[in-house]
Amino acid sequence: MSEKNVKQPDTAFASPRFVNTGNFMRMERTKSAEGLDFAIYGVPFDTASSYRTGARFGPQGIRNISVMMKTNHPIHEVNILDYLKGADMGDVNVVPGYILPTYDAIEEFTASIVNEGAIPIALGGDHSITLGELRAVAKKHGPVSLIHFDSHADINDEVFGEKYNHGTPFRRAIEEGLIDPHTSIQIGMRGSLYDAGEFKLAKELGLRTIPTHEVREMGIPKVIEEIKERVGDNKAFLTIDIDFFDPAYAPATGTPEVGGYTSLEGLTFVRGLKDINFVGMDMVEVAPNYDVAEITSLLAANVVFEFLSILALQKKNEADGKGEK
């Protein structure tokens, strides 16, 4: 086993799960991403929420319940920390109530990760934070392909007359040249709309949007294949809004929408992306104050674990000489 794989989190046999909490999966806390394959960090900002606030406590809630996660993935048959070196880098020092300086802080923090060659994995926070992350990622990698799971497209031009809101980040990202809309894809949109032509607008912007009613008609395996075909070998950023899931499985979010996905369906989607060339990821809109028995935070932690597992599987396949990501 290589030197970088020596550090493993304490097992529940050696240290109870409720001891020494505060880091994702009780990983090592570091201030630098030097030498890391991935870095977990929190972006506790929810000032751009349009309905219920509380996602500022998302990073804390996800970390707290992440002590339930073990390091071995039973389907991929891989221990994530046998093939990856990662750590929790703490939180971005956001500026509550002020989105522009917060964007600067997010970009600077994310850049400190990507410039070291590590993959940034952010815990939100509302969905506005993704724009700051994408600014840093695009400066390093150029425009990336966006894979977006959500119940909302987040492509509004303005919300309450403001350009920066959790309903506008991907409109801004396209305008700023941070993502390539023609290789990007959105999955899961559903619910009532202010603009009946929103899906048409997404197409005009160059995006491929597969709303929930189409997902149900196509089936998850076919949607996964379309994601792969759309993204190809391009560098990709994965963003997942917890309201992609039905509120029966994830009640703790700011703008819930009924008719969504089960926890298993969501995990199946992520598992299916094992061939994608990822350069970043975030998990947003978890608002623990509205939770029941921490089920929303637990689901979010599992989604992040699934993402880490496919990164580890890619490393394993490379080490085994299979020529796969």
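Right above here is the structure, for reference.
Note that the coordinates shown come from a computational prediction; the quantities given were computed from them, not determined experimentally.

1. Quick look at the packing of helix H1 (residues 58–65) against helix H10 (residues 295–319)
Then, in step 1: Relative orientation of the contacting elements H1 and H10 amounts to 80 degrees, with a least axis distance of 8 Å. Here H1 is positioned roughly perpendicular relative to H10, judged by the angle of their axes. Touching Gly61, Ile62 and Ile65 of H1 are Ser297, Leu298, Ala300 and Ala301, all from H10.
Then, in step 2: Looking at the contact of H1 with H10, its residues break down into five nonpolar, two polar and no charged.

2. Things to note about the layout of surface pockets
Then, in step 1: Here the largest pocket is characterised by a volume of approximately 630 Å³.
Then, in step 2: As for the largest pocket, its lining consists of 23 residues, and the residues nearest its centre are Ser50, His152, Asn156, Tyr194 and Thr255.
Then, in step 3: Here the lining of the largest pocket is built from residues that sort into seven nonpolar, nine polar and seven charged.
Then, in step 4: Estimated volume of the second largest pocket: approximately 330 Å³.
Then, in step 5: Of all the secondary-structure elements, those providing two or more residues to the lining of the second largest pocket are helix H4 (129–141), strand E10 (277–284) and H10.

3. Focus: the environment of glutamine 186
Then, in step 1: You can see glutamine 186 is positioned in strand E7 (residues 185–187).
Then, in step 2: With 51 residues separating them along the chain, glutamine 186 and phenylalanine 237 place their C-alpha atoms 12 Å apart.
Then, in step 3: Sequence-distant contacts of glutamine 186, that is, excluding residues within four places in its chain, are made with His148, Ala153, Ile155, Ala202, Leu207, Arg208, Thr209 and Ile210.
Then, in step 4: Side-chain polar atoms of glutamine 186 contact the side chain of histidine 148, separated by 3.0 Å.
Then, in step 5: Side-chain polar atoms of glutamine 186 contact the side chain of threonine 209, separated by 2.8 Å.

4. Here's the deal with the environment of leucine 207
Then, in step 1: Among the structural elements, leucine 207 can be located in the loop between helix H6 (198–204) and strand E8 (208–210).
Then, in step 2: Since its relative accessible area comes to 7%, leucine 207 is described here as buried.
Then, in step 3: Leave out the neighbours within four places in its chain, and leucine 207 touches Ile155, Ile174, Pro181, Ser184, Gln186, Ala202 and Arg230.

5. Details of the nonpolar core
Then, in step 1: If you look at the biggest cluster of nonpolar residues, it comprises 54 residues, and the most contacted ones within it are Phe24, Ile147, Phe149, Ile187, Phe269 and Phe278.
Then, in step 2: Broken down by element, this core gets its largest block of residues, 11 residues, from H10.
Then, in step 3: In this structure phenylalanine 149 touches Ile187, Ile227, Leu238, Thr239, Ile240, Asp241, Phe244, Phe269 and Leu273, once residues within four positions along its chain are discounted.
Then, in step 4: Core analysis: the second largest hydrophobic core is formed by 41 residues, Met89, Ala105, Ala118 and Ala138 among them.

6. Observations concerning the side chain of aspartate 126
Then, in step 1: In this structure, aspartate 126 sits in the loop between strand E5 (119–124) and H4.
Then, in step 2: Although buried, aspartate 126 forms no salt bridge, and the nearest oppositely charged side chain, arginine 56, lies 7.9 Å from it.
Then, in step 3: Only 3.1 Å separates the side chain of aspartate 126 from the backbone nitrogen of alanine 48, close enough to count as a polar contact.
Then, in step 4: What aspartate 126 contacts, discounting residues up to four positions off in sequence, is Phe45, Asp46, Thr47, Ala48, Ser49, Ala55, His166, Val284 and Glu285.

7. What about the packing of aromatic side chains?
Then, in step 1: Enumeration according to the criterion identifies nine aromatic pairs in this entry.
Then, in step 2: Note on phenylalanine 244 and phenylalanine 245: the rings are 5.5 Å apart at their centroids and 85 degrees apart in plane angle, and the pair reads as edge-to-face. Here phenylalanine 244 matches phenylalanine 245 in class, with each residue buried.
Then, in step 3: On the numbers, 5.1 Å between centres and 70 degrees between planes, the contact of phenylalanine 278 with phenylalanine 307 is edge-to-face. Of this pair, phenylalanine 278 sits in strand E10 while phenylalanine 307 sits in helix H10; the two residues are 29 residues apart in sequence, bridging distant segments of the chain.
Then, in step 4: Given the relative accessible area of 4%, phenylalanine 278 is considered buried.
Then, in step 5: Residue classification places phenylalanine 307 among the buried positions, given a relative accessible area of 0%.
Then, in step 6: Sitting above the plane of the tyrosine 290 ring, arginine 52 keeps its charged end 4.3 Å from the centroid.
Then, in step 7: Here arginine 135 stacks its cationic end above the ring of tyrosine 103, 5.0 Å away from the centre of that ring.

8. Observations concerning the sheet that holds strand E6 (residues 145–149)
Then, in step 1: One open sheet accounts for eight strands, arranged E4-E1-E5-E10-E9-E6-E7-E8; its pairing is parallel. Looking at which strands have only one partner, the edges of the open sheet turn out to be strand E4 (86–91) and E8. The sheet shows a mean angle of 15 degrees between the axes of neighbouring strands, taken without regard to direction.
Then, in step 2: As judged from the three bridges shared by E5 and E10, these two strands associate in the parallel manner. Residue pairing across strands places isoleucine 121 opposite methionine 281, the latter belonging to E10.
Then, in step 3: On the sheet, H1 packs against strand E1 (38–43), E4, E5 and E10 and is oriented at approximately 105 degrees with respect to E5.
Then, in step 4: Where H4 meets the sheet, its contacts fall on E1, E5, strand E9 (235–241) and E10, and the angle it forms with E10 comes to roughly 165 degrees.

Rules of the game
Residues numbered from 1 in each chain as written. Predicted model: local features only at pLDDT ≥ 70, side-chain atom pairs only at ≥ 80, totals over all residues. Heavy atoms only, no water. Axes fitted to C-alpha atoms, helices over the stretch in contact; angles between N-to-C directions. Helix = DSSP H or I, 4+ residues; strand = E, 2+ residues; numbered from the N terminus. Parallel < 35°, antiparallel > 145°, perpendicular 65-115°, else oblique. Contact = heavy atoms within 4.5 Å. Nonpolar A, V, L, I, M, F, W, Y, C, P; charged D, E, K, R; others polar. 1 Å grid on protein atoms, 1.4 Å probe; cavity = no way out; pocket = protein on both sides within 12 Å on 5 of 7 lines; lining within 4 Å. Points joined across faces, edges and corners; volume = space filled by probe spheres on them. Polar contact = N/O pair within 3.5 Å; in protein donor to acceptor, adjacent residues only side chain to side chain. Buried < 20%, exposed > 50% of the residue type's maximum accessible area, 1.4 Å probe, protein only. Core = buried A, V, L, I, M, F, W, Y, C linked by side-chain atoms within 4.5 Å. Lys, Arg positive; Asp, Glu negative; His and termini not counted. Salt bridge = Lys/Arg side-chain N within 4 Å of Asp/Glu carboxyl O. Phe/Tyr/Trp six-rings, centres within 6.5 Å; stacked < 30°, edge-to-face > 60°. Lys NZ or Arg CZ within 6 Å of the ring centre and 35° of its normal. Pairing = 2+ DSSP bridges.

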